[in-house]
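Listed below are the residues making up each chain.
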Amino acid sequence: MCSMSDHQNLQTAVRDWTKQQAATYRNGNDRPLAGYLKLMSGYTTGAAAAALTARLTGRRAPRLSPWDVAQLSAATHKLSRLIAKDPVTSPIRAPFTTYEGLSAPSELKEDVRGHGLQHSVGELLTCPMCLAQWVATGFAFGLVFAPGPVRLVMSTFTAVAGADFLQHAYVRLQQATE
């Protein structure tokens, strides 16, 4: 049987080992590993809670056709970029970023600010590829709990992604004829 002293010694050894690993990983740079761990924990907890809720309520994951996956991909791409880059969604990112200018038509360039969790959230909110996992997971669980409304939302974002592509193609065609 372990004594309280043994338990405290183990805790201290684990804490020291994790601090040493983090310092070695950082290599002199400011990397918010604890913030990343909190975000991963939140994601995992949320996904596990949604899966457990689905199981307890008898909901099953729908079978997705190739069209469903294509639509899910396009909608995830568009919503992730909208959250990470759109001027209108900048109030969501403002507590975690600093405005730097434009990075592309209708897209902002923002630098992540702060330390720890603030910095980690800023990195997540300014990275469309990082957000995609969160957005796709939200859509996937949405298809389990409210398939009709979520398909409508996915269709809307897929249409917007298609319209964006057509807008860019139109501008390039216009420029080519000038």
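Attention in this report is confined to the structure presented alongside it. These numbers come from a predicted model, not from an experiment.

Here is what the cut-offs are and how they apply
- Residues numbered from 1 in each chain as written.
- Predicted model: local features only at pLDDT ≥ 70, side-chain atom pairs only at ≥ 80, totals over all residues.
- Heavy atoms only, no water.
- Salt bridge = Lys/Arg side-chain N within 4 Å of Asp/Glu carboxyl O.
- Helix = DSSP H or I, 4+ residues; strand = E, 2+ residues; numbered from the N terminus.
- Buried < 20%, exposed > 50% of the residue type's maximum accessible area, 1.4 Å probe, protein only.
- Expected span 1.5 Å × (residues − 1).
- Contact = heavy atoms within 4.5 Å.
- Axes fitted to C-alpha atoms, helices over the stretch in contact; angles between N-to-C directions.
- Parallel < 35°, antiparallel > 145°, perpendicular 65-115°, else oblique.
- Left-handed = near helix turned anticlockwise from the far one by under 90°.

1. Considerations on the pattern of salt bridges
- For the coordinates displayed, the defined rule picks out 6 salt bridges.
- In this structure, the salt-bridge partner of Arg81 is Glu107, at a minimum N-O distance of 2.8 Å. Separated by 26 residues along the polypeptide, Arg81 in helix α3 (residues 66-85) and Glu107 in strand β2 (residues 107-112) bring together distant segments of the chain.
- Of the residues examined, Arg81 reaches a relative accessible area of 26% and is grouped as partly exposed.
- Here Arg93 ties to Glu110 by a salt bridge, and the two come within 2.4 Å at their closest N and O atoms. Placement of Arg93 in helix α4 (residues 90-93) and of Glu110 in strand β2 is noted, with a sequence separation of 17 residues between them. There is no split in this pair, since Arg93 and Glu110 are both buried.

2. Quick notes on α3
- Between its first and last C-alpha, α3 extends 28 Å over 20 residues, near the 28 Å set by a 1.5 Å rise per residue.
- Elements in contact with the buried residues of α3: α4, β2, α5 (117-125), α6 (128-145) and α7 (147-177).

3. Brief notes about the packing of α3 against α6
- With their axes 8 Å apart at the nearest point, α3 and α6 run at an angle of 125° to one another. Classed by the angle they form, the pair α3 and α6 counts as oblique. Regarding α3 and α6, the two cross each other, and that crossing is right-handed. Of the residues in α6, those touching α3 at Leu72, Ala75, Thr76, Leu79, Ser80, Arg81, Ile83, Ala84 and Lys85 are Pro128, Leu131, Ala132, Val135, Ala136 and Phe139.

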